[in-house]
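Working through the structure, step by step
The lines below spell out each chain.
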Amino acid sequence: MWLFSRRDLIAKILPLSIFINNAEANTATNENASSESISVNSYDCLRHIIPKFSGQRVKLNSYYTNSIHGGGILVSVYENKKEDYGVTCKVNDDWSWVRIIDGPITPYMFGAFADGVNNDSLFIQRAVDYYDALYSTRDRAPRGEIYFPAGIYCIGETITIRNGPISWRGDGIWNTIFVPIQNASQHDNTFLFKFENEKWDSNQTRYLHEIMLCKFSIKGNYVNRSAFYLGGCGWDCIIDAVHIWGVGQAAFVCYDLMDTTFRDVRINLCGMYFDANKREGNYSHPIMLLSRYDCCNAIRFDACHFEGNFTGVLYVNGRANNISFVNMCKFEENGIGSKFGCSFPVILIDSSLAESIRFNDVFVSHTSKIKNSFIKSISKHLILNGGSYISPSDEYGFTGAKWFHIHRENWNDNTRCIGAIINIDLIYVNYKDNDVPFKFESQAIVNINALRVARPNKLAFISYSCQINIKNITFLDVSNHNSAISLFEVDNKAGKVVLNVDCSEGDSTNLRWVNDISQNKLSSLKFNFPE
C-alpha cells in the first residue's frame, strides 16, 4: 500500500520543473508575463533565445521549421541544466527552457520524423535516455511512458534501454511501425532494441522491470537483424498487441526473463537469415529463452499467433521453468527452412534442467512438408493439454509427418521424472519419407482421444517406459501399407510399456500393431488392440 499520493511519489523522483502546470507556470511569472510570451518556429531557434525572467513562457510551434510535430509550451528556468534535446533546451550556463509535460513524451519532442525515410534512432534514443536518467536506481516508481504516434520510424543504430519501469505505446498494429534501415550492412546481426543495463550481473541486480510494450508493429523487411534483446528483465512485464513481421533473425532474445506476459503477440516470417555456419548474432528461433545468471521463468504466452517462421518458433535452454501457452495460441506452418536451408523443431527444449513447460489448447498446423518435429524436448514435465493438431489447408486434411520427439539427454541416472504428459483431443498424421511421427525415448504418459492416420506406416518408436492410450484411431488410404512394418515399434531396451487402443475405424486387416519383442520383455509389456 502506498503511504503517499502518486503525485508525491513522482515528485520525489522527477525534477520539479517538469511538473509545472498552467497555474504553477502563471505564478512563476511576473505581472508582465503575458506580454512577454513569445513563439518560435523550431527547437534550434529556441536555444538562441535568452529568457528575460524565470518562468517566462515560450510556444514552440514545431521541432523543425515547416513541420507540424514536436511543438509545445516551455518555461524558462534560471538553472544550469543538462541539454536533452527535447524536454530541456539549454541556452547557456545560467538559463534553460523546460517543456511542460502534461502527458507522455513522444519521439517527436526529440526530433523524430516517423516518415519512413529518415533515420529516427538518435531521436528515439534521446527520448529513452530522458527516462533512463530519471530511473537510474532500482527503486520502484511509476511507469514512464513513451508514446509513438502513428508513423513509420526507421531504425539504424540499436536503441538501448537501461532502466525501468518504462512503457512504449503506439497507435495500433500497422499504424505505428518500426522498420530497419535498408541496405545498411553495418547493422547486420544487431538488434533494433536492446533492453539491458550494463550493471546487470546477477539476479539481484535487475534494473529493468515493469516493462510494457504495446500497440505497434515491426516490419523487418527481411533485413538481417533481430528485433528485441531482453537481458535481465522482469518482473511484471507485459508485451501486448505487438506484431513482428519479416525480421531476418529473432523476434525476442531473452536472457533470464521473468514474470512476463506476451498477450496477442504475432510473429510471422522471421528467421530467414539464420545461417548455421555463423555463430555471432545468429539465433535459431524467433523466440529464444536463454539462461545467463539465473533462468527464464514465470512466462505466459496468451492468445499469440506464430505463422510462417522459417526456422521454428521457440528455443529454450538452462533451468527455464513455468512457461505456459494458453488461450489457443496458434502455430501455423513454422519451420519451413531459412535462406541457407536451416530449420529446426518448431519447439526445441534443449535442456535437461528445464521443466514445467505447458501448451494448453493450442491450434497447430504442421504439414507433412515440414522436415522437423513440432516438438523436440529433453526437459522434465513437458505438458500438452487439449488442442487441435490438424491442418485444414493441407491436401485432404492430412498433416504432420513428424510430431513429438521426447527423449532424455544429460539426465542424471537417478532422475526418475516424467519427460512428457500429453493429453490431446485430436491429431492427424500423414506419412512422408518414412518419418516416424512419435518418438518416445523418455518416460511419457500419452492420451489421445481421436487419432487419424493417413497412409499408415511406423506410428511410434518407444525405447523407454511409457503408457500410451488411444481411444479411437482412424486409418485412411491403407492400400500401400507394408505389412512387415509395425505401427508401434518397442525397443528391446524399453522399460515397462503399456499400449491401449480402444477402437479403430477404416481397414486395419493387414496392419501389424506391434513388433516382435524378446520373451524376457513380455512380462513388462501390456498390449491391448482392437481385433
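Residues numbered from 1 in each chain as written. Predicted model: local features only at pLDDT ≥ 70, side-chain atom pairs only at ≥ 80, totals over all residues. Heavy atoms only, no water.

**Structural notes on the overall build of the chain**
What counts, and what does not: Helix numbering and strand numbering both begin at the N terminus, where a helix is a DSSP run of H or I of at least 4 residues and a strand a DSSP run of E of at least 2. Exposure is judged per residue with a 1.4 Å probe applied to protein chains only, and the accessible area is read against the type maximum: over 50% gives exposed, under 20% gives buried, and values in between give partly exposed. In what follows, a contact means two residues having at least one pair of non-hydrogen atoms within 4.5 Å.
Along the chain, the regular secondary structure elements total five helices and 42 strands. A burial count over the chain gives 58% of its 531 residues as buried. Considering only contacts in the chain between residues 6 or more positions apart, those separated by 24 or more positions represent 72%.

**Some words on the side chain of Ser42**
As a reminder, the rule being used: Distance and chemistry together define a polar contact, namely a pair of N or O atoms within 3.5 Å, with one atom able to donate a hydrogen and the other to accept it when in protein, and with adjacent residues in sequence counting only for side-chain atoms on both sides.
In this structure, Ser42 sits in the loop between β1 (38-40) and α4 (43-46). A distance of 3.2 Å separates the side chain of Ser42 from the backbone nitrogen of Cys45, its partner in a polar contact. Not counting the four nearest positions on each side in its chain, Ser42 is found in contact with Leu60, Ser62, Tyr63, Tyr64 and Thr65.

**Things to note about the sheet that holds β1**
Our working rule: When DSSP finds two or more bridges between two strands, those strands count as paired. Axis definition: a line fit to C-alpha positions, over the contact stretch in the case of helices; interaxial angles, taken between N-to-C directions, run 0 to 180 degrees.
Spatially, β1-β2-β3-β5-β4 is the arrangement adopted by the five strands of the open sheet, whose pairing is mixed. Strand pairing shows two members of the sheet lacking a second neighbour, β1 and β4 (88-90), which therefore form its edges. Between one strand and the next, the sheet's axes are offset by a mean angle of 30°, whatever the strand orientation. Two strands pair when backbone bridges link them, and strand β2 (residues 57-60) and strand β3 (residues 72-78) are joined in this way by four bridges, in the antiparallel orientation. Along β3, the bridge assignment pairs Leu60 with Gly72.

**As for empty space enclosed by the protein**
Just so we agree on the cut-off: Each cavity reported here is a set of points on a 1 Å grid over the protein atoms alone in which a 1.4 Å probe fits but cannot get out, each pocket an open set with protein on both sides within 12 Å along at least five of seven lines, and each lining residue one with an atom within 4 Å of a point. Grid points are joined across faces, edges and corners, and a volume is the space filled by probe spheres set on the points. For this classification, the nonpolar set comprises Ala, Val, Leu, Ile, Met, Phe, Trp, Tyr, Cys and Pro, the charged set comprises Asp, Glu, Lys and Arg, and every other residue, Gly included, is treated as polar.
According to the stated counting rule, one finds two cavities of 30 Å³ or more in the structure shown. Looking at the largest cavity, its volume works out to about 60 Å³. What lines the largest cavity is simply Phe438, Phe440, Val446, Ile448, Leu451, Leu459, Ala460, Ile468, Ile470 and Phe488. Contributing elements (two or more residues each) for the lining of the largest cavity: β34 (438-441), β35 (444-448) and β38 (466-476). By residue class, the composition of the lining of the largest cavity is ten nonpolar, no polar and no charged. Space inside the second largest cavity adds up to approximately 40 Å³. Going through the elements one at a time, β13 (211-219) and β15 (237-245) are the ones with two or more residues in the lining of the second largest cavity. Taken together, the residues of the lining of the second largest cavity sort by class into seven nonpolar, one polar and no charged.

**With respect to the pairing of strand β36 (residues 451-454)**
Note that strand β33 (residues 426-430) and β36 share four bridges and pair parallel. Counterpart to Tyr428 in the pairing with β36 is Arg452. Across four bridges, β36 lies against β38 in parallel orientation. Bridge pairing in β38 places Leu451 opposite Ile473.

**Re unusual backbone geometry**
One non-glycine residue, Asp236, lies in the positive phi region at around 50°. Using a relative accessible area of 35% as the deciding quantity, one classes Asp236 as partly exposed.

**Digging into the environment of Leu459**
Looking at the secondary structure, you find Leu459 in the loop between β36 and β37 (460-462). Given the relative accessible area of 1%, Leu459 is considered buried. Expressed as a C-alpha distance, the spacing of Leu459 and Ser486, which sit 27 residues apart in the sequence, is 7.9 Å. Aside from chain neighbours lying at most four places away, what touches Leu459 is Val429, Tyr431, Val436, Pro437, Phe438, Leu451, Val453, Ile473, Ser486, Leu487 and Phe488.

**What about the pattern of salt bridges?**
Applied cut-off: In what follows, salt bridge is the name for a side-chain nitrogen of Lys or Arg lying within 4 Å of a carboxyl oxygen of Asp or Glu.
Under the criterion given, the structure shown has 14 salt bridges. Notably, a salt bridge pairs Glu79 with Lys81, separated by 3.9 Å at the nearest N-O pair. In this structure, Glu198 and Arg162 form a salt bridge, with 3.3 Å as the shortest nitrogen-oxygen distance. One end of the pair, Glu198, is in the loop between β12 (191-195) and β13; the other, Arg162, is in the loop between β9 (159-161) and β10 (166-169), and 36 residues separate them in sequence. Overall, the relative accessible area of 30% leaves Arg162 in the partly exposed class.

**What to know about the packing of aromatic side chains**
Heads up, the rule is: Two rings from Phe, Tyr or Trp (for Trp, the six-membered ring) form a pair when their centres are within 6.5 Å of each other. A pair whose planes differ by under 30 degrees is stacked, one over 60 is edge-to-face, and the rest are tilted. Criterion for a charge above a ring: Lys NZ or Arg CZ within 6 Å of the ring centre, and within 35 degrees of the ring normal.
With the rule as written, the count across this model stands at 47 aromatic pairs. Pairing Phe228 with Phe252 gives two aromatic rings, centres 5.3 Å apart and planes at 10°, and the pair type is stacked. Note that Phe228 is positioned in strand β14 (residues 226-231) and Phe252 in strand β16 (residues 252-255), a separation of 24 residues in sequence. In terms of burial, Phe228 and Phe252 fall into one category: buried. Between the NZ or CZ atom of Arg292 and the centre of the ring of Tyr255, over which it lies, the distance is 4.1 Å.

**Regarding helix α5 (residues 121-134)**
Quick note on the threshold: A helix is expected to span 1.5 Å multiplied by its residue count minus one.
Helix length check: α5, at 14 residues, gives a terminal C-alpha distance of 20 Å against a target of 20 Å (1.5 Å per residue), a fit within 8%. Burial runs high along α5: eleven of the 14 residues are buried. Within α5, burial applies to Ser121, Phe123, Ile124, Gln125, Arg126, Ala127, Val128, Tyr130, Tyr131, Asp132 and Leu134.

**Observations concerning the confidence of the model for the chain**
To keep things clear, this is the line we draw: Residue-level confidence of the predictor, termed pLDDT, takes values from 0 up to 100.
Of all residues in the chain, 87% have pLDDT values of 70 or greater, and the mean over the chain is 86. Low pLDDT, under 50, characterises residues 1-35; the predicted model gives this stretch 43 contacts beyond four residues in sequence or across chains.

**Brief notes about the nonpolar core**
This is how it is decided: To qualify as a nonpolar core, a set must consist of buried Ala, Val, Leu, Ile, Met, Phe, Trp, Tyr and Cys residues joined through side-chain atoms within 4.5 Å.
Judged by nonpolar contacts, the single largest core of 115 residues is most densely connected at Trp168, Phe195, Phe252, Phe331, Phe359, Phe404 and Phe488. Of all the elements, α5 adds the most residues to this core, at six residues. Setting aside anything within four residues of it in sequence, one finds Phe404 in contact with Phe374, Ile375, Leu384, Tyr389, Ile422, Ile424, Ile427, Pro437, Phe438 and Lys439.

**Brief notes about the environment of Asp350**
As for its placement among the helices and strands, Asp350 is situated in the loop between β25 (347-349) and β26 (355-360). The sequence separation of Asp350 and Gly318 amounts to 32 residues, and the corresponding C-alpha distance is 8.0 Å. Leave out the neighbours within four places in its chain, and Asp350 touches Tyr315, Val316, Asn317 and Ile378. There is a polar contact of 2.9 Å between the side chain of Asp350 and the side chain of Tyr315.

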